Structure formats: structure tokens, C-alpha cells
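Listed below, chain by chain, are the residues.
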Amino acid sequence: KQWYQRRVAITAGKDHVEVPSVSPDKGDVKSYGQPFNYRHFAPDGSCYVYGHNYVHTFDGVDYSADAYGCTYPLVLKEGIQDFTVYGTFQATKSSGKLASSLKYISFFDIKNRVRIQLGQGLEVNYEGTAVQLPYHREFVSIWFDSDQHYVYVYDHDLGVEVRWDGQSVVRIRVDKRYRGSTKGLCGTFNGDKADEINLLRNTRVLPSTFEIMVQEWKLPSCSFNIAAYDEPLFCVYSLADYTSCLNALTDVRFSFCVSDIPPIHFVERCETDLCRCGGDEGCKCEILSAYAQMCQDTIKTDLDWRTDDFCPRDMCLFDNNGCKHDCSPPGVCSCEEGFTLGSDGKSCVLIIDEIYDRV
């Protein structure tokens, strides 16, 4: 069998030979359009950014970033070489308790001059233009895992992969060439958990806390008004929030996770996010999603943990869930005035009788 195929795309009047992609008929390997060379990727470290807003560094340190509604470098190679991954956070409210989460991921291949931006759902922008997935270029491939609803960016020249769940959780993986040479919110990747606090330039005096470090990393263009928000310690936790988070994270659907990733710290983060978000269940579900993703990556088995009444995925973010007119979370289609919902639950049919009544 032919395991790969070559494609040619016409862009701006030029021919671009795309990288080989995995063929759909390759044995038991399911293809989402990932490149053939992806199977040779050997990640050496993983960093996660999730919730409102937490970081799990390459060296396994977990901390609360307390990020503003600004853009921050999540990871870059020391000296700003090769690549940079930025995360843009957005506050859920304009004042009160500050709760901000990731809304955009920007990947810059500095070496090969490639720019990619990932937004909510399937919003993918390559060099300033929206693209359909899968999308392949000489150095970079982008594809969508329709089972888990992940968007992948893989730069085979640099050995960097970005996985975005289209909502609030990003995983960044790098190969061994970056050991001891990364900076940013994801840490130094040198195996030493004691020196994760870092700045762009090496200085004798480093910030005393992760929260201070994070604000030192925000881009100068940020104009976020932090004065409109309460102090982070203002949150008053409730037994109801704790119980809700504890019951969710110790549910039987996560039973395969507890031995590898104890849920206790995620319960604390979930409780904090519920307080910051004013009890919004969506904030709890973002923590659960991060826990599930980290668990799946550890046990290398997919978890079917979402149901219609337990953190249903917001399908409106993914091509409007196929709705022809309007879509309401978690994916309910509706029609504009003068139309009725079709039998497929997605299309909209013009109400002919109403027209005749007006004649």
C-alpha cells in the first residue's frame, strides 16, 4: 500500500509542494491529515496551560499565573531563536474577581518565518489568512483530530508541537534539543524544579514569586486595567464549590487517572476557579478538561468522560456544529424568523405557508 501522498496547493499564484501526509488506509493508524514524518516525532518535554490560569511546566512544576487579559510568551528558545509560542488571555468579566483564560495561541517559527494563530474552535490563521484543515506546508503541518477535538500544529524542522483544544487548554511539546534552553511561562526545561522562575535576560535578582515573573513577561503593548479588579485573595471559598469539584474529579469516569495523577490539586484549582467565575460551571469544566487531557496523555488511552449532562463540549465553536443559522451552547441549532428547523436538526426550512398567508 502507498502510505503517503503528495499534494500541491496554489497560493498567491505560486506552487507550494506540501509535505507527505498519512494515508487513510494505513493499517490501524487513524488519519486526521497528520504528516507522514509526525510518527518520528520524539517529544522530550510537555507544558500545559489551562483554566484560569494555571501552568504545568516542562519540569513538572505547577503554579497559578494570575495572568491579566494580555499576551505572554509561553515558551521560547533562549535568545529568541528558532520559535516562540504566545498565549493571549481574556478576562471573563470587566471588573470584580479576575478570571482570565486562554483565547488565542500564536506560534512563530522564527527560523523559517512562519506565523500561525489558533483561536476558538476551528479558527486557524496561517500567515494572515484563514485556512481549512488539514493544511500542510514545507516546515509546518496543521490538522484537526475530530474525535478529541484537538487542533495540532507540528513543526518538523524545529521539533515542536502545539495541541489546542479550541477552548482553553494548550499542550506544548518539544524534543530534546531544547533541554536547558527554554524561557517563558513554561519554565527552563533543565530538570531542576527550583529554578523555574526566569526572565528574558539573565539577572542576578529574579522575581520572588511566579505571579511577579508572569507580569514581567507580558508584552509591552498590554493595556489591561488591573485596578478594576479585586485582589486575588478576595475570593471566599464555599463548601458547595469544594464538594462539587471533589465529586466531579473523583467520579468513576476518571478512575483510571487517580493513581497517576492524584486529583487533589485539581480540586483546589477547580474550587478557586468557581469562586473567581462566580459559580459558572463552565469554569469547573475547563479544569476537568485539563485533568482529562493530562490523564489521557499519561495513560495513553482516550477517556469518554463528557456526557450531555456532564460538561458537554461547546460544539458551536466547531464550525457552528453544522447549524445553518444560529447555534447555542452546547450545540443546539435554531433558525431565524420565517424558518423552521429541518428534520436533521441543523438545516433551516423556509415557512412557505407564512408567505402565502401574507399574499
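Residues numbered from 1 in each chain as written. Predicted model: local features only at pLDDT ≥ 70, side-chain atom pairs only at ≥ 80, totals over all residues. Heavy atoms only, no water.

**Q** I'd love a proper account of the pattern of salt bridges, names of residues and values included.
**A** Any two side chains of opposite charge can pair, on the condition that their charged atoms come close. Scanning the entire structure with this criterion turns up 12 salt bridges. We note a salt bridge from Asp 44 to Arg 179, for which the minimum N-O separation is 2.7 Å. Of the two residues, Asp 44 is situated in the loop between β4 (21-22) and β5 (45-50) and Arg 179 in the loop between β18 (170-174) and β19 (182-183); the sequence distance between them amounts to 135 residues. Of the residues examined, Asp 44 reaches a relative accessible area of 33% and is grouped as partly exposed. (Salt bridge = Lys/Arg side-chain N within 4 Å of Asp/Glu carboxyl O. Helix = DSSP H or I, 4+ residues; strand = E, 2+ residues; numbered from the N terminus. Buried < 20%, exposed > 50% of the residue type's maximum accessible area, 1.4 Å probe, protein only.)

**Q** A description of the side chain of Asn 321 should follow, citing residues and the corresponding values.
**A** Mapped onto the fold, Asn 321 is located in the loop between α4 (281-299) and β20 (326-328). When its relative accessible area of 18% is taken as the criterion, Asn 321 is described as buried. Looking at Asn 321, its side chain comes within polar contact range of the main-chain oxygen of Gly 331, at 2.8 Å. When near neighbours in sequence (up to four residues on either side) are disregarded, Asn 321 contacts Met 315, Cys 316, Cys 327, Gly 331, Cys 333 and Lys 346. (Polar contact = N/O pair within 3.5 Å; in protein donor to acceptor, adjacent residues only side chain to side chain. Contact = heavy atoms within 4.5 Å.)

**Q** Give a description of the sheet that holds strand β7 (residues 62-64) that names residues and reports values.
**A** Taken in spatial order, the 8 strands line up as β7-β6-β5-β18-β17-β16-β15-β14 in an open sheet, and their pairing is antiparallel. In this open sheet, the two strands that pair with only one neighbour each are β7 and β14 (135-136). With 2 bridges joining them, β14 and strand β15 (residues 140-145) adopt antiparallel strand pairing. Across the sheet, His 136 pairs through a bridge with Ser 141, a residue of β15. Sheet strands touched by helix α3 (residues 264-276): β5, β6 (54-56) and β7. Its angle to β6, the strand with the most contacts, is close to 155 degrees. (Pairing = 2+ DSSP bridges. Axes fitted to C-alpha atoms, helices over the stretch in contact; angles between N-to-C directions.)

**Q** Can you lay out the packing of aromatic side chains for me, pointing to particular residues and giving the numbers?
**A** As enumerated under the stated definition, the model contains 23 aromatic pairs in all. Judged by centre distance (6.4 Å) and plane angle (65 degrees), the rings of Tyr 38 and Tyr 152 are edge-to-face. Placement of Tyr 38 in the loop between β4 and β5 and of Tyr 152 in strand β16 (residues 150-155) is noted, with a sequence separation of 114 residues between them. Judged by relative accessible area, Tyr 38 falls into the buried class, the value being 18%. Pairing Tyr 72 with Phe 89 gives two aromatic rings, centres 5.7 Å apart and planes at 80 degrees, and the pair type is edge-to-face. Of this pair, Tyr 72 sits in strand β8 (residues 71-77) while Phe 89 sits in strand β9 (residues 81-91), and the two are 17 residues apart along the sequence. Arg 253 extends its terminal NZ or CZ atom over the ring of Phe 310, reaching a point 3.8 Å from the ring centre. If you follow Arg 269 out to its NZ or CZ, it ends over the ring of Phe 266, 5.0 Å from the centre. (Phe/Tyr/Trp six-rings, centres within 6.5 Å; stacked < 30°, edge-to-face > 60°. Lys NZ or Arg CZ within 6 Å of the ring centre and 35° of its normal.)

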